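# Summary of the model geometry
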Amino acid sequence: MKVPINWLSQYVELPAEVPELTRQLTAIGHMQDKPPVEVGRDVVLDLEVRQNRSDCLSMIGVAREAAAILNRPLQLKPAEIELPTASEVAGVWIETEQCYRFHSLTIKGLKIEPSPEWLTQRLEAYGIKSINNVVDITNYVMVEWGEPLHAFDASKVVGQLRARQARAGETLTVLGNKTITLDPADIVIADDQQILALGGVIGGTAAAVTNKTTDIILEAATYNQANIRRTSLRHSLRTEASLRHEKFLHPELTVEALRRAASLLVELAGAKITAHGDSFPHPAAPVVVSLNIARMHQLNGLTIPTAEAVAILERLGIDVIEQTTDSLTVRVPYFRTDLVLEEDIYEEVLRIYGYDQVPDRLPSTPPPADITSALFVLEEELRDALVGFGWDEVITEPLTNEAVSVRPPVVLQNSLNADKTMLRTTLRYGLEQALAYHRKFRKPEIKLFEVGKVYFMVGDRQHEERWLAGVMAGSQTSFLTIKGAVETLLIKLGFRYDPELVSIMLGRDCWYFELPEERLAVAARDAQPLVRTTVPQVLFQDFSWLLPAATPVGEVLQAISSLDPLVYRVELGEPPRHVEAGKTVFIKVQYHQADGQITTEKAEPVRQQIVKLVAERWGGQLR
Amino acid sequence: MSPDVTSHLSQAQAAALTAVAAATTAAQLEAVRIEYLGKKSPLAEASQALKTAEVAVKKELGQAINAYKTAVSDALAARVAEVGTTATTPDAELDTSLPGVRPTIGHLHPTTVVIRKINSFFRYLGYSVYEGPEIESNEFNFEKLNLPKDHPARELADTLYIVEPEVLLRTHTSSVETRAMTQESLPLRIMVPGKVYRNENSNTTNNSMFYQYEGLVVDKGLSMADLKGTLNRFVRFLYGDDVKTRFRCKYYPQVEPGAGLDIQCRFCHGDGCSVCKYRGWIEVLGAGMVHPNVLKACGIDSAEYSGFAFGLGLDRLVMLTYGINDIRKLYNGELLFEDRS
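Residues numbered from 1 in each chain as written. Chains lettered and ligands numbered in written order. Predicted model: local features only at pLDDT ≥ 70, side-chain atom pairs only at ≥ 80, totals over all residues. Heavy atoms only, no water.

Another aspect to go through is the overall build of chain B. In terms of regular secondary structure, chain B is built from eleven helices and ten strands. Principal-axis analysis of the C-alpha atoms places the extent of chain B at approximately 100 × 50 × 40 Å. Out of the 341 residues in chain B, the part that is buried amounts to 54%. Summing over all exposed atoms, chain B offers an accessible surface of approximately 15800 Å²; the carbon and sulfur share of this is 53%. Averaging the locations of the 36 positively and 40 negatively charged side chains of chain B gives two centres separated by 3 Å. (Helix = DSSP H or I, 4+ residues; strand = E, 2+ residues; numbered from the N terminus. Buried < 20%, exposed > 50% of the residue type's maximum accessible area, 1.4 Å probe, protein only. Areas by Shrake-Rupley, 256 points an atom, 1.4 Å probe, with all protein chains shown as cover. Lys, Arg positive; Asp, Glu negative; His and termini not counted. Charge placed at Lys NZ, Arg CZ, Asp CG, Glu CD.)

Listed below in structure tokens is the structure:
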């Protein structure tokens, strides 16, 4: 909201320094958005108005706030004007539930003229160009009171005005000569023959005020704010009117706004008010809230003397209608549509009393049980271990557009971006892309990992899973180096390498691995390494076999390892060598006896079993 | 033949041990190693002999070879260690000024580093890390947060929908808080770091995916004072003890009363500059007492319990910490770590 200081000072005496005013307004919830700018002889503030404060999209609303925080009176003279008695017939019919009130004045004998200087200066300081006295007055009252007004040239209105839903296919040419096709959800103002305005957003050209206009119908309406917001978005029409109507404007607001406009039109355009129409099907009683004083003190964290709290509420225009030692009952003024619950009133008292007065404490209750998930802890361990082994962590965006998905993907309905139409089904592509960029850095070896989620459909349900994945590239990188890296990672964390758990595949100029963390988290795990206090006494034996070329040597090692408790360690002595008859495999076995001295004699039966096993299962011949 | 080999080996072993003991430099030790363990050493000869040895002596010879190897290697290793640390004269052949053979250094992603740093603070205050799904329901992301359909604040969050309006990508980590309040027992003290999503085109300051960090405490008797004290300590932890803070009123639909915490701009010390948009202050945290409608929607009796919540965007903090000026670089794999050497 743009707030010209001179204009604001008509309603409340302001501090001499502008920064002091913005400081005070910021403290009570209206933060300075852009820095103040000079326009003509005025200085204009820019305040960020939060979603719930439609009243602060008006000069008077801001003035009320300033008066409350500065504790100075609000100088607001009621408009001095006699209006004819309101009649529903004289006004506009409401034919849609989306319009809450339609309030109008019929005004005759206008002289269209330029506006006086004070008016054009204020409007221009706010940012609206002066057009003529009638249009300027409607704009001025909108900015002053926050209620948009619209003037129709009465001579161009045929029959009865009404607020109704648009019909499919109807069109409207709006000010600025843009023609829009209406949606049945839009609200329009129409007469017996045609549509004259898009309700709450913008007027049409058909009954626009011109220099020849002498009689007008001046309307002030309120609508369902969500409906106006959607209409405004649908037609990309953001106007000063829609900006206000898309927040909740109280129907009472039309009364003050029309009185003010009428008095200005009489004064500045020589007009006469001839009829007063008011269609207001469901008037609501003022909001009354009861609040518990002790609870207010408790929640606000400080005790504000009740007399002071009452004074603050009165400064805000909130009437205290009943007071006991432990409760207050207050009546909320119509323009404060944001105040509904007692907590809302607590905040009112606190923000004027001062958030800076709240003491600085910490919760005094003991901390509750730790509910950090085991999976989160595991992820942290994986990160630490990999970083320790020289891997770099990357985080890539899950929104993507995969050419090939490894699972049925979760697709977005409304993405703005053609590159981000779905959620990733694998971490691989993001890592490969990161790798491609890292290659430019010319490191001899690149090792990147990501801890993140993949997303996919399971039947008609969306599903997300936490994965660890990595890529490795470099002249020394091979299947066995990446497998070894994952094996070491898992061993470090106390897991066993399980080919069912870990997938390793050849990626784009790299090796890629991935493993599902949820499954890892439930895998068997040794919490800590075995810590010995003496060097284990071992017996070495070397075996050299000739095995068929296709023999899976890892399985041979594994089988020997689990053959007997005396087998302590089984290692490959050298890489298997392919020869004509198959391959030669040199395996070193260590024996150890946990509860005694290992000897060749004790190991002998095991040695025989090993030889037998390898011979029978894989056809291995000792060399 | 083999007894000869075996006895030769034991003589060689004695000679080797003597030579090891006599050596005083790394180079001499290397020469000893080549002589006694290298390709033409007695060990190599014995190993060769082993291949053709008769089965009867094979075992004995094998054991002798192992014994030799172990004894000589161990003595050599021990002496190498001694010479390396006690040598008083510089070794002619070892240039100790050469850079060492370095293992590679791994790095955590900057966002992870910042999350961990903040976690460590709240961990100390007894908070648990709590997590929730990124594919979220309308109920937890909006409805339970006092953001019913048509609430104007929903407009702020340009939501990415999977099945409109029920299934969406969470627009804030507050959805995890409604889950915690609905599912966990009270009292509750949680921190929620995580990815969130918005339907917007990316540029240097906005990305369709980014990180938020929120905190929530639900307990008996909590107040704005507990919130203020928590936030002040947190901000001092992040920015240093000399940071100046401002606690002010601010509207968020999920809280009442609502609050914002600003720090004084460290570039202009409050005078106003381009960094702070000429405000003199920089917004750091949004916060407030959990709105009674939110408590109620999560099945919590607001007469018995109250809560406070706070949140901040992480990315700006990460970017500031590491001097990164484009948020997209954080999450497109284009961060390169260069260790200072």
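The structure having been displayed, the exposition proceeds.
Attention now moves to the side chain of Lys420 of chain A. With respect to the secondary-structure elements, Lys420 of chain A resides in the loop between strand 19 (399-400) and strand 20 (422-423). Relative accessible area serves as the criterion here: at 13%, Lys420 of chain A is assigned to the buried category. Contacts of Lys420 of chain A, omitting those with residues within four sequence positions, involve Glu397, Leu399, Thr400, Asn401, Leu412 and Ser415 of chain A together with Ser202, Asn207 and Ser208 of chain B. (Contact = heavy atoms within 4.5 Å.)

The next subject is the pattern of salt bridges. One pass over the structure, following the stated rule, counts 57 salt bridges over all chains. Glu170 of chain A serves as the salt-bridge partner of Arg167 of chain A, at 3.6 Å between the closest nitrogen and oxygen. Put simply, Glu432 of chain A and Arg428 of chain A hold a salt bridge, and the shortest N to O gap is 2.9 Å. Of this pair, Glu432 of chain A and Arg428 of chain A both sit in helix 13 (residues 428-439), four residues apart, roughly one helical turn. One salt-bridge network, held together by shared partners, links Asp33 of chain A together with Arg246, Arg248, Lys250, Asp262, Arg279 and Glu283 of chain B. (Salt bridge = Lys/Arg side-chain N within 4 Å of Asp/Glu carboxyl O.)

Another point: the environment of Pro251 of chain A. All names here are of chain A. Structurally, the position occupied by Pro251 is in the loop between helix 7 (240-245) and helix 8 (253-269). Residues Pro251 and Pro283, spaced 32 residues apart in sequence, show a C-alpha to C-alpha distance of 8.0 Å. Setting aside residues no more than four positions away along its own chain, Pro251 makes contact with Tyr100, Arg101, Thr222 and Phe280.

This paragraph deals with helix 5 (residues 110-124) of chain B. All names here are of chain B. Between the first and last C-alpha of helix 5 there are 22 Å, a value that for 15 residues agrees with the 21 Å anticipated at 1.5 Å per step. Residues Pro110, Thr111, Thr112, Val114, Ile115, Ile118, Asn119, Phe121 and Phe122 constitute the buried set of helix 5. Looking one or two places after helix 5, you find Gly126, whose phi comes out positive at around 90 degrees. (Expected span 1.5 Å × (residues − 1).)

Another point: the sheet that holds strand 26 (residues 567-579) of chain A. All names here are of chain A. Pairing in this open sheet of four strands is antiparallel, and the strands run 26-27-25-28 from one edge to the other. What marks the edges here is a single partner per strand, and that holds for strand 26 and strand 28 (621-622). Pairing of strand 25 (residues 539-547) with strand 28 involves two bridges; the strand directions are antiparallel. Along strand 28, the bridge assignment pairs Trp545 with Leu622. Against the sheet, helix 16 (residues 553-561) engages strand 25, strand 26 and strand 27 (582-591), with an angle of about 155 degrees to strand 26. Where helix 17 (residues 600-618) meets the sheet, it contacts strand 25, strand 26, strand 27 and strand 28, and its direction lies at approximately 15 degrees from that of strand 25. (Pairing = 2+ DSSP bridges. Axes fitted to C-alpha atoms, helices over the stretch in contact; angles between N-to-C directions.)

Mapped onto the elements, Gln357 of chain A comes out in the loop between helix 11 (342-353) and helix 12 (374-388). A sequence separation of 53 residues divides Gln357 of chain A from Ile304 of chain A, and the C-alpha atoms of the two residues are 10.0 Å apart. The contacts of Gln357 of chain A, once residues within four sequence positions are left out, are Leu302 of chain A together with Lys228 of chain B.

Facing the 89 residues of chain A at the interface are 99 residues of chain B. Between chain A and chain B lies a buried interface of about 7900 Å² when both sides are counted; carbon and sulfur atoms form 52% of it. Applying the counting rule to chain A against chain B returns eight salt bridges. Here Arg116 of chain B ties to Glu380 of chain A by a salt bridge, and the two come within 2.9 Å at their closest N and O atoms. In this assembly, chain A and chain B are joined by 54 residue pairs in polar contact (both at pLDDT 80 or more). (Buried area = accessible area lost by both parts, 1.4 Å probe. Polar contact = N/O pair within 3.5 Å; in protein donor to acceptor, adjacent residues only side chain to side chain.)

Let's shift gears to the environment of Glu450 of chain A. Residue and element names in this part refer to chain A. Along the chain, the position of Glu450 falls in strand 21 (residues 445-458). Separated by 235 residues in the primary sequence, Glu450 and Asp215 have C-alpha atoms spaced 71 Å apart. With residues up to four places along the chain from it excluded, the contact list for Glu450 reads Val394, Ile395, Thr396, Arg424, Leu427, Leu431, Trp467, Leu468 and Ala469. A polar side-chain atom of Glu450 sits 3.3 Å from a polar atom in the side chain of Arg424.

Residue and element names in this part refer to chain A. Pairing is antiparallel in the open sheet, where four strands are placed in the order 6-13-5-14. Unpaired on one side and paired on the other, strand 6 (149-153) and strand 14 (272-279) mark the two borders of the sheet. Within the sheet, the average angular offset between the axes of one strand and its neighbour, ignoring direction, is 20 degrees. As defined by bridge partners, strand 5 (residues 99-108) adjoins strand 13 (residues 216-223) across eight bridges and the pair is classed as antiparallel. Residue pairing in the sheet places Leu105 in a bridge with Leu218 of strand 13. The sheet strands contacting helix 5 (residues 133-145) are strand 6 and strand 13, and the helix crosses strand 6 at an angle near 160 degrees. Helix 8 contacts strand 5, strand 6, strand 13 and strand 14 of the sheet and is inclined by roughly 15 degrees relative to strand 5.

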